[in-house]
Amino acid sequence: MKDQGRSARKRTGGRLKHASNKKRHQLGREPAETTVGETRLQYIDSRGTDKKVRALSTNVAQVADDGEVSEAEIENVVDNPANVNYARRNIVTKGAIIETSAGRARVTSRPGQTGQVNAVLLD
């Protein structure tokens, strides 16, 4: 999602004329596409004095099961509804089903935004 400007079409389907060129604050960044592997983090400046942590790759997940949270090793990505090719490429996003040492789990965090993988066990 590189451009975060308004739509090029009207509500009726007609085309809109651009009033100006894109500004720098309207541009986004490339997606992190967190993979399964040795932990690699990237720190990015965000608005204000904050920093964003991006997980470029990770093999650890915090897995919750009935209120108990434990750390589990990620083995691979079973299914990823965000993109059919993400499961084949072992890319972890929110909503992905991962195979861990504790069992199958669904990812509830956004690893490209928070730098960690939180998941809930599936039964």
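The structure this text deals with has already been given above.
Residues numbered from 1 in each chain as written. Predicted model: local features only at pLDDT ≥ 70, side-chain atom pairs only at ≥ 80, totals over all residues. Heavy atoms only, no water.

Visitor: Residue-level account of a negative patch on the surface, with values.
Guide: A cluster of acidic residues, Asp65, Asp66, Glu68 and Asp123, forms a negative patch on the protein surface. Among the residues examined, Asp66 registers a relative accessible area of 77% and is labelled exposed. (Patch = residues over 30% accessible without salt bridge, like charges linked within 9 Å, V, L, I, M, F, W, Y side chains within 5 Å. Areas by Shrake-Rupley, 256 points an atom, 1.4 Å probe, with all protein chains shown as cover. Salt bridge = Lys/Arg side-chain N within 4 Å of Asp/Glu carboxyl O. Lys, Arg positive; Asp, Glu negative; His and termini not counted. Charge placed at Lys NZ, Arg CZ, Asp CG, Glu CD. Buried < 20%, exposed > 50% of the residue type's maximum accessible area, 1.4 Å probe, protein only.)

Visitor: Kindly report on the sheet that holds strand β9 (residues 118-121), identifying the contributing residues and their values.
Guide: Read once around its circumference, the closed barrel built from 5 strands follows the order β4-β5-β7-β8-β9, with strand pairing classed as mixed. Averaged over all pairs of adjacent strands, the angle between strand axes in this sheet comes to 50°, irrespective of strand direction. In this sheet, β9 lies alongside strand β4 (residues 60-65) in parallel orientation, the contact comprising 3 bridges. By the bridge assignment, Gln62 is partnered in β9 with Asn118. (Pairing = 2+ DSSP bridges. Helix = DSSP H or I, 4+ residues; strand = E, 2+ residues; numbered from the N terminus. Axes fitted to C-alpha atoms, helices over the stretch in contact; angles between N-to-C directions.)

Visitor: Describe the layout of surface pockets, listing the residues and the values that go with them.
Guide: Roughly 290 Å³ of volume is contained in the second largest pocket. Grouping the amino acids of the lining of the second largest pocket by side-chain chemistry returns 2 nonpolar, 6 polar and 4 charged. (1 Å grid on protein atoms, 1.4 Å probe; cavity = no way out; pocket = protein on both sides within 12 Å on 5 of 7 lines; lining within 4 Å. Points joined across faces, edges and corners; volume = space filled by probe spheres on them. Nonpolar A, V, L, I, M, F, W, Y, C, P; charged D, E, K, R; others polar.)

Visitor: Please give an account of the pattern of salt bridges that cites residues and values.
Guide: With the rule as written, the count across this model stands at 3 salt bridges. In this structure, Glu33 and Arg89 form a salt bridge, with 3.1 Å as the shortest nitrogen-oxygen distance. Placement of Glu33 in the segment before β1 (34-36) and of Arg89 in the loop between α1 (84-88) and β6 (91-92) is noted, with a sequence separation of 56 residues between them. On the basis of relative accessibility, which here comes to 40%, the residue Arg89 falls in the partly exposed class.

Visitor: Give a detailed account of the nonpolar core, specifying residues and quantitative values.
Guide: Within the largest apolar cluster, 14 residues are counted, with the highest numbers of intra-cluster contacts made by Ala61, Val63, Val92, Ile98, Ala105, Val107 and Val117. Every residue in contact with Val117, bar those within four places of it in the chain, is listed here: Thr58, Val60, Ala61, Gln62, Ile74, Val92, Ile98, Val107, Ser109 and Pro111. (Core = buried A, V, L, I, M, F, W, Y, C linked by side-chain atoms within 4.5 Å. Contact = heavy atoms within 4.5 Å.)

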